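# Topology and contacts: notes
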Amino acid sequence: MVMNIAIGAAVGVAALIAAPFALPSSVTVERSAVVDAAPDAVFDLLASNAGFQRINPWKDADPELKIALSGPERGIGSAFSFKGDEGEGVQTITALEDGRRIVTEIDLGPMGKPVQTFTIEPAEGGARVVWSTEARFGMNPIGRVFGLFMDGRLGPVYERGLVNLANAV
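Structural notes, computed from the coordinates. (Residues numbered from 1 in each chain as written. Predicted model: local features only at pLDDT ≥ 70, side-chain atom pairs only at ≥ 80, totals over all residues. Heavy atoms only, no water.)

## Comments concerning the layout of surface pockets
What the largest pocket holds in volume is close to 920 Å³. Looking at the largest pocket, it is lined by 37 residues, and the ones nearest its centre are Glu-86, Leu-108, Met-111, Phe-146 and Leu-154. Looking at the lining of the largest pocket, the elements with two or more residues in it are helix H4 (57–61), strand S3 (79–84), strand S4 (87–97), strand S7 (126–136), helix H5 (141–147) and helix H6 (150–168). It is H6 that contributes the most residues to the lining of the largest pocket, six residues altogether. In the lining of the largest pocket, the residues fall into 20 nonpolar, nine polar and eight charged. (1 Å grid on protein atoms, 1.4 Å probe; cavity = no way out; pocket = protein on both sides within 12 Å on 5 of 7 lines; lining within 4 Å. Points joined across faces, edges and corners; volume = space filled by probe spheres on them. Helix = DSSP H or I, 4+ residues; strand = E, 2+ residues; numbered from the N terminus. Nonpolar A, V, L, I, M, F, W, Y, C, P; charged D, E, K, R; others polar.)

Here it is, written out as structure tokens:
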């Protein structure tokens, strides 16, 4: 009887350890909105480290958020560091597709380097903006579990940021 309990416990522990590896190794969070502005105006705002601060939804939630701009004012290499209630890191523009896409890497240190993309296209009523982030967890079981909650945590933040964008352009 003791042996059966020990075997059952060992199987249970093994299942708990293995379960996170059955979860996805990457997660994408995406929100979109149509803003009443020309696509080029939206692109110009988001392709700038200072411009992003005009819509930065984390500033709404954390008035003590520390932001330090670095690199060129706009374009590839334009960056800012941040430190606040939600964590710290550096967001850097890594690629631009003229007037259409802005790609940034967010260096969160040991938590990884998610890639954030803004895609902008003409739409009836202005510009359709898609804000997405992809996080890759590889074989990190904690990251994979965290990935289950990313949409619920980031989605509302992106929605707030898109409202900020509509008000800023």
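## Some details on helix H2 (residues 39–46)
Those residues of H2 that fall on the buried side of the exposure criterion are Pro-39, Val-42, Phe-43, Leu-45 and Leu-46. Projection of H2 onto a plane perpendicular to its axis shows the buried side chains occupying an angular sector of 165 degrees, all on one side. (Buried < 20%, exposed > 50% of the residue type's maximum accessible area, 1.4 Å probe, protein only. Arc of directions from axis to C-beta.)

## Quick notes on the packing of aromatic side chains
Across all of its chains, the model carries eight aromatic pairs by this definition. Consider the rings of Phe-52 and Trp-131, whose centres lie 6.1 Å apart with planes at 80 degrees: the pair is edge-to-face. Linking Phe-52 in helix H3 (residues 49–53) with Trp-131 in strand S7, this pair joins segments that are 79 residues apart in sequence. We note that Phe-52, like Trp-131, is buried. Geometrically, the ring pair formed by Phe-80 and Phe-82 is tilted, given 6.2 Å between the ring centres and 55 degrees between the ring planes. (Phe/Tyr/Trp six-rings, centres within 6.5 Å; stacked < 30°, edge-to-face > 60°.)

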